[in-house]
Amino acid sequence: ARALTPQTAETDAIRFLVGTQSLRYDNQIHIIDFDDENNIINKNVLLHQVGEIWHISTSPADKGVLATCYNKTSDSKVMTCAAVWRMPKELESGSHESPDDSSSNTQTLELLCHLDNTAHGNMACVMWEPMGDGKKIISLADNNILLWDLQESSTEAVLSSSAALEGKGQLKFTSGRWSPHHNCTQIATANDTTVRGWDTRSMRQIYCIENAHGQLVRDLDFNPNKQYYLASCGDDCKVKFWDTRNVTEPVKTLEEHSHWVWNVRYNHSHDQLILTGSSDSRVILSNMVSISSEPFGHMVDDDELSDQEDQHQEEKIKEPLQDSVIATYEEHEDSVYAVEWSSADPWLFASLSYDGRLVINRVPRALKYHILL
(Lines give C-alpha, C1' and ligand atoms only; values in the text may rest on other atoms or scores of the structure.)
Protein backbone atom coordinates (compact mmCIF):
# COMPACT_ATOMS: atom_id res chain seq x y z
CA ALA A 1 0.00 0.00 0.00
CA ARG A 2 1.19 3.52 -0.62
CA ALA A 3 -1.96 5.69 -0.67
CA LEU A 4 -3.27 7.26 2.54
CA THR A 5 -5.51 10.24 3.28
CA PRO A 6 -7.53 11.58 6.19
CA GLN A 7 -11.23 11.98 5.48
CA THR A 8 -10.95 15.75 5.17
CA ALA A 9 -14.63 16.61 5.58
CA GLU A 10 -14.92 14.52 8.77
CA THR A 11 -13.98 16.74 11.69
CA ASP A 12 -15.45 14.68 14.55
CA ALA A 13 -14.37 11.09 14.04
CA ILE A 14 -10.73 10.11 13.52
CA ARG A 15 -10.74 8.51 10.14
CA PHE A 16 -8.26 7.59 7.41
CA LEU A 17 -8.60 5.94 4.02
CA VAL A 18 -5.96 3.55 2.70
CA GLY A 19 -5.70 2.27 -0.88
CA THR A 20 -4.04 -1.05 -1.73
CA GLN A 21 -1.67 -2.04 -4.52
CA SER A 22 -2.09 -5.66 -5.34
CA LEU A 23 -1.49 -7.25 -8.71
CA ARG A 24 -3.19 -10.51 -7.85
CA TYR A 25 -6.42 -9.50 -6.15
CA ASP A 26 -9.04 -6.86 -6.55
CA ASN A 27 -7.74 -3.71 -4.93
CA GLN A 28 -9.50 -2.20 -1.97
CA ILE A 29 -9.98 0.99 -0.05
CA HIS A 30 -9.88 0.43 3.69
CA ILE A 31 -11.82 2.90 5.79
CA ILE A 32 -9.96 3.08 9.09
CA ASP A 33 -11.80 4.43 12.13
CA PHE A 34 -9.77 5.02 15.24
CA ASP A 35 -11.63 4.86 18.53
CA ASP A 36 -9.55 7.23 20.61
CA GLU A 37 -11.02 6.33 23.99
CA ASN A 38 -10.48 2.59 23.73
CA ASN A 39 -7.45 2.63 21.41
CA ILE A 40 -9.22 0.38 18.92
CA ILE A 41 -8.98 0.47 15.15
CA ASN A 42 -12.12 -0.50 13.21
CA LYS A 43 -12.04 -0.97 9.49
CA ASN A 44 -14.45 -1.36 6.61
CA VAL A 45 -13.39 -2.50 3.17
CA LEU A 46 -14.60 -1.14 -0.16
CA LEU A 47 -13.73 -2.83 -3.44
CA HIS A 48 -11.83 -0.71 -5.98
CA GLN A 49 -11.97 -3.08 -8.93
CA VAL A 50 -10.34 -0.86 -11.53
CA GLY A 51 -6.71 -1.30 -10.49
CA GLU A 52 -3.91 -0.65 -8.00
CA ILE A 53 -4.22 2.66 -6.16
CA TRP A 54 -1.34 5.13 -6.42
CA HIS A 55 -2.95 8.17 -4.86
CA ILE A 56 -6.09 8.90 -2.91
CA SER A 57 -7.70 12.18 -1.82
CA THR A 58 -11.01 13.14 -0.25
CA SER A 59 -13.48 15.94 -0.85
CA PRO A 60 -13.21 18.81 1.67
CA ALA A 61 -16.99 19.26 1.59
CA ASP A 62 -18.61 15.84 1.21
CA LYS A 63 -17.63 12.96 3.50
CA GLY A 64 -18.72 10.36 1.00
CA VAL A 65 -16.72 11.56 -2.01
CA LEU A 66 -13.12 10.68 -2.88
CA ALA A 67 -10.78 10.54 -5.84
CA THR A 68 -8.20 7.89 -6.72
CA CYS A 69 -5.38 7.62 -9.23
CA TYR A 70 -5.03 4.01 -10.34
CA ASN A 71 -3.25 1.85 -12.88
CA LYS A 72 -5.20 0.40 -15.75
CA THR A 73 -3.85 -1.93 -18.45
CA SER A 74 -5.20 -1.51 -21.95
CA ASP A 75 -3.60 -2.79 -25.18
CA SER A 76 -0.71 -4.10 -23.05
CA LYS A 77 0.06 -0.51 -22.01
CA VAL A 78 -0.25 0.61 -18.41
CA MET A 79 -2.04 3.93 -17.91
CA THR A 80 -2.58 5.76 -14.65
CA CYS A 81 -6.13 7.12 -14.66
CA ALA A 82 -8.16 9.10 -12.15
CA ALA A 83 -11.78 8.91 -11.09
CA VAL A 84 -14.16 10.37 -8.52
CA TRP A 85 -16.12 7.92 -6.37
CA ARG A 86 -18.82 7.83 -3.74
CA MET A 87 -18.74 5.42 -0.83
CA PRO A 88 -21.96 3.71 0.34
CA LYS A 89 -24.17 6.03 2.41
CA GLU A 90 -23.88 4.01 5.62
CA LEU A 91 -20.08 4.27 5.57
CA GLU A 92 -19.87 8.02 5.05
CA SER A 93 -19.50 9.12 8.63
CA GLY A 94 -17.22 7.62 11.20
CA SER A 95 -17.56 5.89 14.56
CA HIS A 96 -19.83 2.99 13.64
CA GLU A 97 -19.02 -0.44 14.94
CA SER A 98 -17.13 -2.70 12.63
CA PRO A 99 -18.84 -6.07 12.09
CA ASP A 100 -16.93 -9.12 13.35
CA ASP A 101 -16.80 -10.79 9.98
CA SER A 102 -15.94 -8.00 7.62
CA SER A 103 -15.20 -10.28 4.67
CA SER A 104 -18.84 -11.13 4.10
CA ASN A 105 -20.02 -7.58 3.49
CA THR A 106 -17.41 -6.01 1.24
CA GLN A 107 -19.07 -3.20 -0.63
CA THR A 108 -18.14 -1.49 -3.85
CA LEU A 109 -17.43 2.15 -4.57
CA GLU A 110 -19.87 3.92 -6.84
CA LEU A 111 -18.16 5.58 -9.79
CA LEU A 112 -19.25 9.23 -10.11
CA CYS A 113 -17.03 10.23 -13.03
CA HIS A 114 -13.69 9.68 -14.70
CA LEU A 115 -11.25 12.57 -14.97
CA ASP A 116 -10.78 11.66 -18.59
CA ASN A 117 -7.13 12.11 -19.40
CA THR A 118 -6.47 9.92 -22.39
CA ALA A 119 -5.01 12.90 -24.21
CA HIS A 120 -2.96 14.17 -21.30
CA GLY A 121 -0.98 11.19 -20.06
CA ASN A 122 -0.59 9.45 -16.71
CA MET A 123 -2.18 10.95 -13.60
CA ALA A 124 0.21 11.65 -10.73
CA CYS A 125 -2.24 13.09 -8.23
CA VAL A 126 -5.60 14.75 -7.69
CA MET A 127 -6.03 17.83 -5.45
CA TRP A 128 -9.31 19.28 -4.19
CA GLU A 129 -9.71 23.01 -3.70
CA PRO A 130 -8.98 23.17 0.06
CA MET A 131 -11.65 25.63 1.18
CA GLY A 132 -14.08 24.87 -1.60
CA ASP A 133 -17.46 23.21 -1.93
CA GLY A 134 -15.80 20.11 -3.35
CA LYS A 135 -16.58 21.06 -6.95
CA LYS A 136 -13.11 22.15 -8.08
CA ILE A 137 -10.34 19.63 -8.64
CA ILE A 138 -6.87 19.85 -10.13
CA SER A 139 -5.16 16.79 -11.53
CA LEU A 140 -1.54 16.51 -12.62
CA ALA A 141 -1.03 14.26 -15.63
CA ASP A 142 2.49 13.83 -17.04
CA ASN A 143 3.36 17.46 -17.86
CA ASN A 144 -0.20 18.85 -17.74
CA ILE A 145 -2.10 20.70 -15.03
CA LEU A 146 -5.83 20.16 -15.49
CA LEU A 147 -8.49 22.15 -13.64
CA TRP A 148 -11.84 20.36 -13.50
CA ASP A 149 -15.29 21.53 -12.48
CA LEU A 150 -17.47 18.81 -11.04
CA GLN A 151 -21.01 19.30 -12.20
CA GLU A 152 -24.19 18.76 -10.17
CA SER A 153 -23.94 15.65 -7.95
CA SER A 154 -20.37 15.16 -9.24
CA THR A 155 -21.39 12.75 -12.00
CA GLU A 156 -19.53 14.68 -14.67
CA ALA A 157 -16.20 16.51 -14.70
CA VAL A 158 -15.71 19.35 -17.16
CA LEU A 159 -12.19 20.50 -17.99
CA SER A 160 -12.27 24.25 -17.37
CA SER A 161 -8.61 25.12 -18.02
CA SER A 162 -5.18 23.60 -18.31
CA ALA A 163 -1.49 24.39 -18.59
CA ALA A 164 1.49 22.41 -19.78
CA LEU A 165 5.11 22.30 -18.67
CA GLU A 166 7.35 23.13 -21.58
CA GLY A 167 11.01 22.39 -21.94
CA LYS A 168 13.55 19.79 -22.93
CA GLY A 169 13.16 16.12 -22.17
CA GLN A 170 10.30 14.14 -20.70
CA LEU A 171 8.82 16.54 -18.16
CA LYS A 172 6.58 14.89 -15.59
CA PHE A 173 4.92 16.12 -12.43
CA THR A 174 5.53 14.00 -9.34
CA SER A 175 3.21 15.79 -6.93
CA GLY A 176 1.40 19.00 -6.10
CA ARG A 177 -0.46 20.88 -3.37
CA TRP A 178 -3.21 23.47 -3.49
CA SER A 179 -2.44 26.47 -1.30
CA PRO A 180 -5.11 27.31 1.32
CA HIS A 181 -4.06 30.99 1.09
CA HIS A 182 -4.63 33.74 -1.52
CA ASN A 183 -8.29 32.74 -1.92
CA CYS A 184 -7.18 29.30 -3.11
CA THR A 185 -5.82 30.73 -6.36
CA GLN A 186 -2.36 29.14 -6.13
CA ILE A 187 -0.94 25.67 -6.39
CA ALA A 188 2.60 24.36 -6.14
CA THR A 189 3.89 21.48 -8.25
CA ALA A 190 7.00 19.34 -8.23
CA ASN A 191 8.68 17.97 -11.33
CA ASP A 192 12.14 16.45 -11.31
CA THR A 193 14.23 18.73 -9.02
CA THR A 194 12.04 21.81 -9.55
CA VAL A 195 9.20 23.32 -7.52
CA ARG A 196 6.86 25.71 -9.33
CA GLY A 197 4.00 27.94 -8.25
CA TRP A 198 0.99 28.50 -10.50
CA ASP A 199 -1.93 30.91 -10.49
CA THR A 200 -5.08 28.86 -11.09
CA ARG A 201 -6.90 31.83 -12.64
CA SER A 202 -4.45 32.44 -15.46
CA MET A 203 -2.76 29.00 -15.31
CA ARG A 204 0.57 30.84 -15.49
CA GLN A 205 3.71 30.15 -13.52
CA ILE A 206 4.27 32.64 -10.67
CA TYR A 207 7.52 31.35 -9.17
CA CYS A 208 10.04 28.66 -9.89
CA ILE A 209 12.57 27.08 -7.52
CA GLU A 210 15.05 25.34 -9.78
CA ASN A 211 17.14 22.64 -8.15
CA ALA A 212 15.04 22.88 -5.01
CA HIS A 213 16.54 19.47 -4.19
CA GLY A 214 19.62 17.69 -5.46
CA GLN A 215 17.42 14.87 -6.70
CA LEU A 216 13.73 14.24 -7.43
CA VAL A 217 11.25 16.26 -5.36
CA ARG A 218 8.70 13.82 -3.90
CA ASP A 219 6.23 15.96 -2.00
CA LEU A 220 5.14 19.47 -1.00
CA ASP A 221 2.97 21.04 1.65
CA PHE A 222 1.90 24.60 2.48
CA ASN A 223 2.07 26.07 5.96
CA PRO A 224 -1.64 26.41 6.87
CA ASN A 225 -1.08 29.55 9.00
CA LYS A 226 1.65 31.46 7.14
CA GLN A 227 1.09 32.37 3.54
CA TYR A 228 4.14 32.08 1.25
CA TYR A 229 5.63 29.27 3.35
CA LEU A 230 6.09 25.93 1.64
CA ALA A 231 7.83 22.68 2.59
CA SER A 232 9.38 20.26 0.10
CA CYS A 233 11.14 16.92 0.42
CA GLY A 234 12.96 14.61 -1.92
CA ASP A 235 15.43 11.93 -2.85
CA ASP A 236 18.37 13.93 -1.50
CA CYS A 237 17.09 12.89 1.97
CA LYS A 238 16.31 16.52 2.82
CA VAL A 239 13.27 18.49 3.86
CA LYS A 240 13.41 22.16 2.89
CA PHE A 241 11.29 25.13 3.87
CA TRP A 242 10.79 27.97 1.41
CA ASP A 243 9.43 31.49 1.42
CA THR A 244 7.99 31.69 -2.08
CA ARG A 245 8.63 35.45 -2.27
CA ASN A 246 12.38 34.80 -2.28
CA VAL A 247 13.24 31.41 -3.70
CA THR A 248 17.02 31.73 -4.03
CA GLU A 249 17.67 29.93 -0.72
CA PRO A 250 15.54 27.76 1.55
CA VAL A 251 14.64 29.35 4.89
CA LYS A 252 15.56 26.13 6.69
CA THR A 253 16.76 22.62 5.80
CA LEU A 254 16.22 19.42 7.78
CA GLU A 255 18.60 16.53 7.23
CA GLU A 256 17.37 13.80 9.56
CA HIS A 257 16.46 11.00 7.16
CA SER A 258 18.97 8.59 5.66
CA HIS A 259 16.99 7.78 2.50
CA TRP A 260 14.42 9.31 0.15
CA VAL A 261 11.82 11.45 1.92
CA TRP A 262 8.44 10.61 0.39
CA ASN A 263 6.15 12.82 2.40
CA VAL A 264 6.08 16.07 4.36
CA ARG A 265 3.02 17.35 6.24
CA TYR A 266 2.37 20.44 8.31
CA ASN A 267 0.06 20.07 11.28
CA HIS A 268 -3.20 21.89 10.45
CA SER A 269 -3.47 23.69 13.80
CA HIS A 270 0.10 24.01 15.07
CA ASP A 271 2.32 24.76 12.12
CA GLN A 272 5.53 24.17 14.05
CA LEU A 273 4.81 20.43 13.99
CA ILE A 274 6.15 18.78 10.84
CA LEU A 275 5.77 15.14 9.95
CA THR A 276 7.99 13.33 7.44
CA GLY A 277 8.08 9.75 6.17
CA SER A 278 10.94 8.10 4.32
CA SER A 279 12.25 4.93 2.68
CA ASP A 280 14.54 4.62 5.71
CA SER A 281 11.38 3.11 7.30
CA ARG A 282 11.16 5.94 9.80
CA VAL A 283 8.62 8.64 10.58
CA ILE A 284 10.09 11.79 12.11
CA LEU A 285 8.14 14.45 14.01
CA SER A 286 9.99 17.78 14.09
CA ASN A 287 9.30 20.97 15.98
CA MET A 288 10.14 23.81 13.59
CA VAL A 289 9.33 26.69 15.92
CA SER A 290 11.61 29.32 14.39
CA ILE A 291 9.70 29.39 11.09
CA SER A 292 6.24 28.85 12.56
CA SER A 293 3.49 31.42 13.02
CA GLU A 294 4.34 31.61 16.74
CA PRO A 295 8.16 31.70 16.81
CA PHE A 296 8.23 33.22 20.29
CA GLY A 297 5.59 31.00 21.77
CA HIS A 298 2.14 32.18 22.68
CA MET A 299 2.12 35.96 23.24
CA VAL A 300 0.49 36.96 26.52
CA ASP A 301 -1.41 40.20 26.77
CA ASP A 302 0.39 42.80 28.94
CA ASP A 303 -2.75 43.68 30.86
CA GLU A 304 -2.94 40.18 32.25
CA LEU A 305 0.45 40.38 33.94
CA SER A 306 1.63 41.94 37.19
CA ASP A 307 4.88 43.96 37.12
CA GLN A 308 7.06 41.15 38.36
CA GLU A 309 5.59 38.68 35.92
CA ASP A 310 5.91 41.31 33.25
CA GLN A 311 9.70 41.54 33.49
CA HIS A 312 10.01 37.80 33.61
CA GLN A 313 7.75 37.49 30.58
CA GLU A 314 9.84 39.97 28.60
CA GLU A 315 12.98 37.98 29.26
CA LYS A 316 11.19 34.87 28.09
CA ILE A 317 9.85 36.44 24.92
CA LYS A 318 13.25 37.53 23.62
CA GLU A 319 14.48 33.97 23.22
CA PRO A 320 12.90 32.18 20.28
CA LEU A 321 12.40 28.48 20.95
CA GLN A 322 14.83 26.07 19.37
CA ASP A 323 13.97 23.82 16.43
CA SER A 324 14.36 20.16 17.25
CA VAL A 325 13.42 16.63 16.35
CA ILE A 326 10.74 15.58 18.83
CA ALA A 327 10.48 11.91 18.09
CA THR A 328 11.55 9.27 15.60
CA TYR A 329 9.04 6.45 15.11
CA GLU A 330 10.44 3.10 14.04
CA GLU A 331 7.37 0.85 13.97
CA HIS A 332 7.65 0.26 10.24
CA GLU A 333 9.86 -2.37 8.66
CA ASP A 334 9.44 -1.12 5.11
CA SER A 335 9.52 2.20 3.22
CA VAL A 336 7.07 4.73 4.66
CA TYR A 337 5.27 6.11 1.62
CA ALA A 338 2.69 8.25 3.39
CA VAL A 339 2.18 10.24 6.59
CA GLU A 340 -0.96 12.23 7.34
CA TRP A 341 -2.40 14.20 10.24
CA SER A 342 -5.93 13.41 11.33
CA SER A 343 -8.42 16.08 10.26
CA ALA A 344 -10.38 15.58 13.49
CA ASP A 345 -7.64 15.45 16.13
CA PRO A 346 -4.61 17.75 15.70
CA TRP A 347 -2.46 15.56 17.97
CA LEU A 348 -2.91 12.34 16.05
CA PHE A 349 -1.31 11.07 12.83
CA ALA A 350 -1.09 7.96 10.71
CA SER A 351 1.74 6.50 8.67
CA LEU A 352 1.64 3.80 6.03
CA SER A 353 4.45 1.59 4.78
CA TYR A 354 4.71 -0.40 1.59
CA ASP A 355 4.05 -3.74 3.33
CA GLY A 356 0.57 -2.46 4.18
CA ARG A 357 1.23 -1.64 7.82
CA LEU A 358 -0.69 1.38 9.09
CA VAL A 359 0.50 2.92 12.36
CA ILE A 360 -1.41 5.54 14.34
CA ASN A 361 0.58 7.71 16.75
CA ARG A 362 0.08 10.71 19.00
CA VAL A 363 2.20 13.80 19.53
CA PRO A 364 3.99 13.24 22.89
CA ARG A 365 1.83 14.55 25.70
CA ALA A 366 4.54 16.75 27.20
CA LEU A 367 4.97 18.62 23.93
CA LYS A 368 1.23 18.94 23.45
CA TYR A 369 0.88 20.67 26.82
CA HIS A 370 3.95 22.76 26.18
CA ILE A 371 2.32 24.08 22.99
CA LEU A 372 -1.12 24.53 24.53
CA LEU A 373 -0.08 26.07 27.82
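Rules of the game
Every chain begins its residue count from 1, and numbering advances along the sequence as written. Side-chain atom pairs in this predicted model are given and counted only at pLDDT of 80 or more, local residue features only at pLDDT of at least 70, and totals for whole chains, interfaces and linings cover all residues. Only hydrogens and water are set aside; all other atoms, that is, all heavy atoms of the structure, feed into the side-chain values. UniProt positions are given in the numbering used here, feature names are shortened, and annotations may be inferred rather than shown by experiment. What counts as a helix is a DSSP run of H or I of at least four residues, what counts as a strand is a run of E of at least two, and both are numbered from the N terminus. What sets the accessible areas is the Shrake-Rupley method with a 1.4 Å probe; for residues, cover comes only from the shown protein chains. Two strands make a pair as long as DSSP finds a minimum of two bridges between them. Angles run from 0 to 180 degrees between N-to-C directions of axes, and those axes are lines fitted to C-alpha atoms, restricted for helices to the stretch in contact. Only protein atoms enter the 1 Å grid used here. Points where a 1.4 Å probe fits but cannot escape make up a cavity, open sets with protein on both sides within 12 Å along at least five of seven lines make up a pocket, and a residue lines them when an atom lies within 4 Å of a point. Grid points are joined across faces, edges and corners, and a volume is the space filled by probe spheres set on the points. Three categories are distinguished: nonpolar for Ala, Val, Leu, Ile, Met, Phe, Trp, Tyr, Cys and Pro, charged for Asp, Glu, Lys and Arg, and polar for the others, with Gly belonging to the last.

Named according to an unreviewed UniProt entry, the protein chain is EIPR1 protein originating from Halcyon senegalensis. For the protein chain, the Sequence similarities (unreviewed entry) comment in UniProt is given as "Belongs to the WD repeat EIPR1 family."

Student: Describe the overall build of the protein chain, and please don't skip the residues or the numbers.
Tutor: Helix and strand content of the protein chain: 2 helices and 28 strands. Roughly 17500 Å² of accessible area belongs to the protein chain as shown, and the carbon and sulfur atoms make up 44% of that amount.

Student: Mind laying out the UniProt feature "repeat: WD" (unreviewed entry) in the protein chain, listing which residues take part and the relevant values?
Tutor: Under the feature "repeat: WD" (unreviewed entry), the UniProt entry names residues 210-246. Split by type, residues 210-246 is 0% helix and 46% strand. Its first and last C-alpha atoms lie 12 Å apart.

Student: Before we move on, can you summarise the sheet that holds strand S27 (residues 348-353) with the specific residues and values?
Tutor: Spatial strand order, S26-S27-S28: 3 strands in an open sheet with antiparallel pairing. What marks the edges here is a single partner per strand, and that holds for strand S26 (336-341) and strand S28 (358-362). Sheet twist, expressed as the average angle between the axes of neighbouring strands with direction ignored, equals 20°. Here 5 bridges tie S27 to S28, and the two strands are oriented antiparallel to one another. If you follow Leu348 over to S28, its bridge partner there is Arg362.

Student: Residues and numbers for empty space enclosed by the protein, please.
Tutor: Scanning the model with the defined rule gives 1 cavity of 30 Å³ or more in all. One number sums up the size of the largest cavity: a volume of about 30 Å³. Lining the largest cavity are Ser179, His181, His182, Gln186, Tyr207, Phe222, Tyr228 and Thr244. Tallied by class, residues from the lining of the largest cavity come to 3 nonpolar, 5 polar and no charged.

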